[in-house]
Amino acid sequence: MSQSSFPANFLFGSATSAYQIEGAADEDGRTPSIWDTFCRTPGKVLGGDTGDVAVDHYHRWRDDVQLMADLNLNAYRFSISWSRVQPTGRGPAVQRGLDFYRSLVDELLAKGITPWITLYHWDLPQELEDAGGWPERATAERFAEYASLVAGALGDRVERWTTLNEPWCSAYLGYGSGVHAPGRTDHADVLRAAHHLNLAHGLGTQALRAALPGRAQIGVSINPAAVRALTDDPDDLDARRRIDALANRIFDGPMLRGVYDEDLIQDTSRLTDWSFVKDGDLADIHQPLDALGINYYTPTLVSASADRKLPRRDGHGGGEQSPWPAAEDIAFHQTPGETTDMGWTIDPTGLHDLLMHYHRETGGIPLYITENGMACDDKPSPDGTVHDPDRIAYLHSHLETVRRAIADGADVRGYFLWSLLDNFEWAYGYSKRFGTVYVDFESLARIPKSSARWYAEVARTGELPAPRALDAVGDPVAD
């Protein structure tokens, strides 16, 4: 294998989520999720945008799968809309909803594309939120039942399964800062929600194993923070420790080691006594995994600070309240370097740090980058093409980092670019474009960008072209 090659059978995919692309918000039995409700709350989403139509993938899925095939993708990570297949979060499934995913999966398989299902990407059925949402234990129990329903419907044709996507965002942004659905702001509820998301992962994994064939591979996608201290001052290093506990170890501790670390419990003791952790919970959460998904965009830089009026530059939206429980005396700083259209610093070294950390800590669980990408202010040229050389440079640097981590011993087996399509970007509405395929949000026409053609060549060859092998618009040229 040359220095620019990826291992044989390495997965080159792309990723999406249901609420961001599907639309068809009230068709075929689907009922509101927390994001439908949140979008209709004045001032919560930029421009009053909603996912009612999104990019209409629900009706255009066949063309979108053909796009994937044309781009040489060999894997596609997508999420199931919980309220499309189980509208109240309880009871039997709606077959029309399951039929949509059956058809999608069958078309992917017919095109030689591995389907990779995520069961939960933030769109909790509204009825479950009305009953208390993720701070309530019952929500984890409902999730396990939902996992069984989907596994029963799709387990004969799907082998790759993810329980949760970024539970940190669900708990901290949904119940802490309130910048994501359901928009609540209670730091004690953040910790309760985090635990019950962990429990949902564990119970869901057990439900999947009971329902799926033995060949199925089950994992979870987390968004660990590559946390760095501003200086070597002991107080800054302690700030790093505390944010590492809140960002990372609150999830990977129970999932990978079966524990909540004592420093996390002590750091947050003024908010809760953690009595919501019941006997047997940690054993339920600590399930064997076949894959660990790492979502990465930018590092996190922190310091100790007594000035609570400093702007919070943690990359997780404004919001009047911080998402971080018991961390009012910690400052978040912008890391140096060029930034994306989200204001996130471009720094692939954080991805290398995380891959090597989890390589050491997981005991050999295969790693996948299940999200990585860049928002750019993309616009069509007069000739109708869309050129995004900055995204190509971003992808090149991060894929090179993945290749380097593999060379350094990390067992990384796939990369899912975020995202296939420009789409609804949560509280930012349609103002941020992460796709390698441009979407005209009026006509919903799709136009592959230069980055899509570049990534297609990487997926086709398994080789990472040298930077000099890119022309001005991002098309591969001969060396």
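The rules behind these values
Residues numbered from 1 in each chain as written. Predicted model: local features only at pLDDT ≥ 70, side-chain atom pairs only at ≥ 80, totals over all residues. Heavy atoms only, no water. Buried < 20%, exposed > 50% of the residue type's maximum accessible area, 1.4 Å probe, protein only. Helix = DSSP H or I, 4+ residues; strand = E, 2+ residues; numbered from the N terminus. Pairing = 2+ DSSP bridges. Salt bridge = Lys/Arg side-chain N within 4 Å of Asp/Glu carboxyl O. Expected span 1.5 Å × (residues − 1). Polar contact = N/O pair within 3.5 Å; in protein donor to acceptor, adjacent residues only side chain to side chain. Axes fitted to C-alpha atoms, helices over the stretch in contact; angles between N-to-C directions. 1 Å grid on protein atoms, 1.4 Å probe; cavity = no way out; pocket = protein on both sides within 12 Å on 5 of 7 lines; lining within 4 Å. Points joined across faces, edges and corners; volume = space filled by probe spheres on them. Nonpolar A, V, L, I, M, F, W, Y, C, P; charged D, E, K, R; others polar.

Draft legend 1. Quick peek at the pairing of strand 2 (residues 75-79). Across the five residues of strand 2, five count as buried, placing the element largely inside the fold. Because side chains alternate across strand 2, one face comprises the buried residues Ala75, Arg77 and Ser79, and the other comprises Tyr76 and Phe78, equally buried. Sheet analysis places strand 1 (residues 11-15) next to strand 2, joined by three bridges and oriented parallel. Paired with Gly13 across the bridge in strand 2 is Ala75. Where strand 2 and strand 3 (residues 114-120) come together, five bridges link them in parallel fashion. Bridging across to strand 3, Arg77 finds its partner in Trp116.

Draft legend 2. Structural context of the pattern of salt bridges. Evaluated as defined, the whole model comprises 37 salt bridges. In this structure, the salt-bridge partner of Asp64 is Arg446, at a minimum N-O distance of 2.9 Å. Residue Asp64 is found in helix 3 (residues 57-70), and its partner Arg446 is found in strand 13 (residues 446-448); the two are separated by 382 residues along the sequence. We note that Asp64, like Arg446, is buried. The salt bridge partner of Asp377 is Lys379, with a shortest N-O separation of 2.7 Å. Comparing Asp377 with Lys379 shows no difference in burial state: the two are exposed.

Draft legend 3. Region of interest: helix 9 (residues 187-211). Compared with the 36 Å implied by 1.5 Å per residue over 25 residues, the 36 Å span of helix 9 between its first and last C-alpha is a close match. Of all 25 residues that make up helix 9, 18 are buried, and the element is covered over most of its length. Two or three places before Ala188, at the opening of helix 9, Asp186 has a side-chain oxygen 2.9 Å from that residue's backbone nitrogen.

Draft legend 4. Structural detail: the sheet that holds strand 6 (residues 227-229). The strand order across the open sheet formed by three strands is 6-8-9, and the pairing between neighbours is mixed. Two strands lie at the open edges of the sheet, namely strand 6 and strand 9 (330-333), each paired on one side alone. Averaged over all adjacent pairs, the angle separating strand axes in this sheet is 35°, with direction ignored. Bridge count between strand 6 and strand 8 (residues 300-304): three bridges; the pairing is parallel. Each residue of the ladder has a partner; that of Ala229, found in strand 8, is Val302.

Draft legend 5. Expanded view of the layout of surface pockets. Here the largest pocket defines a volume of roughly 630 Å³. What lines the largest pocket is a set of 36 residues, and nearest its centre among them are Glu166, Cys169, Gly315, His316 and Trp344. The element best represented in the lining of the largest pocket is helix 8 (residues 167-175), accounting for three residues. Classifying every residue of the lining of the largest pocket gives 19 nonpolar, twelve polar and five charged.

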